[in-house]
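Geometric and topological summary
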Amino acid sequence: MYKIAIVGHGNFPEGVLSALSLLIGENENVVAYNLNDERTHEVLEQDVTALLKDNEKVIIFADLTGGAPHQISARIMLENKFSENQYVISGINLGLVVELTMKFLYSDIKDEEAAAAIQEAIEQSRSMIMSMQSGMV
């Protein structure tokens, strides 16, 4: 079973977790780590290290590619190599988080299929981004 973590700035992670719980239900395998006044860079680093060290299968969703939560998570994962079944996905949106959480918590994804499933979901997520203008109709 995969462990899912949402990391990001301010209350973004808790907001994503709240929406995720509303859409698919609460799940003890999903956690949110806000980077804010209460959880500093050092505390986030400790939380992510413990998560990766204690769980062989982990997906970490980070709000901004290149932001501190992404950098911290990626660095810890790449430096320690606790498992080959750990992923950091950044620049996320709610649709991507819902899709991958459903796949990895509620269906039987084989380890060798995980990377491809993640890439496919990212491509689908990109195709769902659109823009509308009031003068379009």
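Preceding this section is the structure that the text describes.
Heads up: these notes are all about the structure in this document. Remember, predicted model here, so these are calculated numbers, not experimental data.

1. Section: the overall build of the protein
A count of helices and strands for the protein gives 5 helices and 4 strands. In the protein, the succession of α and β elements from N to C terminus is β-α-β-α-β-α-β-α-α. Since a compact globule built from 137 residues should have a radius of gyration of about 14 Å, the 15 Å found for the protein is in line with a globular shape. The C-alpha extent of the protein, read off along each of the three principal axes, is 55 × 40 × 25 Å. Long-range pairs, those at least 24 residues apart, make up 73% of the contacts in the protein between residues at least 6 apart in sequence. Summed over its atoms, the accessible surface of the protein is roughly 7,900 Å², and 52% of this surface lies on carbon and sulfur atoms. Separation of charge centres in the protein, based on 9 positive and 20 negative side chains, amounts to 4 Å.

2. Some thoughts on helix H5 (residues 114-127)
Compared with the 20 Å implied by 1.5 Å per residue over 14 residues, the 20 Å span of H5 between its first and last C-alpha is a close match. Here the buried face of H5 lies against strand E3 (58-62), strand E4 (86-90) and helix H4 (94-106).

3. Brief notes about the packing of helix H2 (residues 41-54) against helix H3 (residues 68-80)
One can describe the packing of H2 onto H3 by two numbers: an axis separation of 10 Å at closest approach and a directional angle of 40°. Judged on the interaxial angle alone, H3 and H2 are oblique. Taken as a pair, H2 and H3 cross one another with a handedness that is right-handed. In this structure, H2 uses His41, Leu44, Glu45, Val48, Thr49 and Leu52 to contact H3, whose residues at the interface are Ala68, Pro69, Ile72, Ser73, Arg75, Ile76 and Met77. Split into classes, the residues belonging to the contact of H2 with H3 amount to 8 nonpolar, 3 polar and 2 charged.

4. Considerations on the nonpolar core
Counting 23 residues, the largest nonpolar core has Ile59, Phe61, Ile89, Leu100, Phe104 and Ile118 as its most contacted members. Mapped onto this core, the elements with two or more residues apiece are strand E1 (3-9), helix H1 (12-24), E3, E4, H4 and H5. The contacts of Ile118, once residues within four sequence positions are left out, are Ile59, Tyr87, Ile89, Leu100 and Phe104. Counting 16 residues, the second largest nonpolar core, distinct from the first, contains Leu35, Val58, Ile60 and Ile76.

5. A word on the sheet that holds E1
Within a sheet, neighbouring strands are paired by backbone hydrogen bonds and run either parallel or antiparallel to one another. With parallel pairing, the 4 strands of this open sheet are ordered in space as E2-E1-E3-E4. Looking at the sheet topology across the chains shown, the edges are occupied by strand E2 (30-35) and E4. Across this sheet, the average inter-strand angle for adjacent strands is 15°, counted without regard to direction. Each of E1 and E2 is contacted by H1, which is oriented at about 155° to E2, the strand it contacts most.

6. Side note on H4
In this model H4 runs 17 Å from its N-terminal to its C-terminal C-alpha over 13 residues, within 8% of the 18 Å that 1.5 Å per residue would give. When we look at burial in H4, the residues that qualify are Leu96, Val97, Val98, Leu100, Thr101, Phe104 and Leu105. Of the surrounding secondary structure, the elements contacted by the buried residues of H4 are E1, H1, E2, E3, E4 and H5. Sitting at the head of H4, Asn93 places a side-chain oxygen 3.1 Å from the backbone nitrogen of Gly95.

What counts and what doesn't
- Residues numbered from 1 in each chain as written.
- Predicted model: local features only at pLDDT ≥ 70, side-chain atom pairs only at ≥ 80, totals over all residues.
- Heavy atoms only, no water.
- Helix = DSSP H or I, 4+ residues; strand = E, 2+ residues; numbered from the N terminus.
- Rg over C-alpha atoms; globule rule 2.2 N^0.38 Å.
- Contact = heavy atoms within 4.5 Å.
- Areas by Shrake-Rupley, 256 points an atom, 1.4 Å probe, with all protein chains shown as cover.
- Lys, Arg positive; Asp, Glu negative; His and termini not counted.
- Charge placed at Lys NZ, Arg CZ, Asp CG, Glu CD.
- Expected span 1.5 Å × (residues − 1).
- Axes fitted to C-alpha atoms, helices over the stretch in contact; angles between N-to-C directions.
- Parallel < 35°, antiparallel > 145°, perpendicular 65-115°, else oblique.
- Left-handed = near helix turned anticlockwise from the far one by under 90°.
- Nonpolar A, V, L, I, M, F, W, Y, C, P; charged D, E, K, R; others polar.
- Core = buried A, V, L, I, M, F, W, Y, C linked by side-chain atoms within 4.5 Å.
- Buried < 20%, exposed > 50% of the residue type's maximum accessible area, 1.4 Å probe, protein only.
- Pairing = 2+ DSSP bridges.
- Polar contact = N/O pair within 3.5 Å; in protein donor to acceptor, adjacent residues only side chain to side chain.

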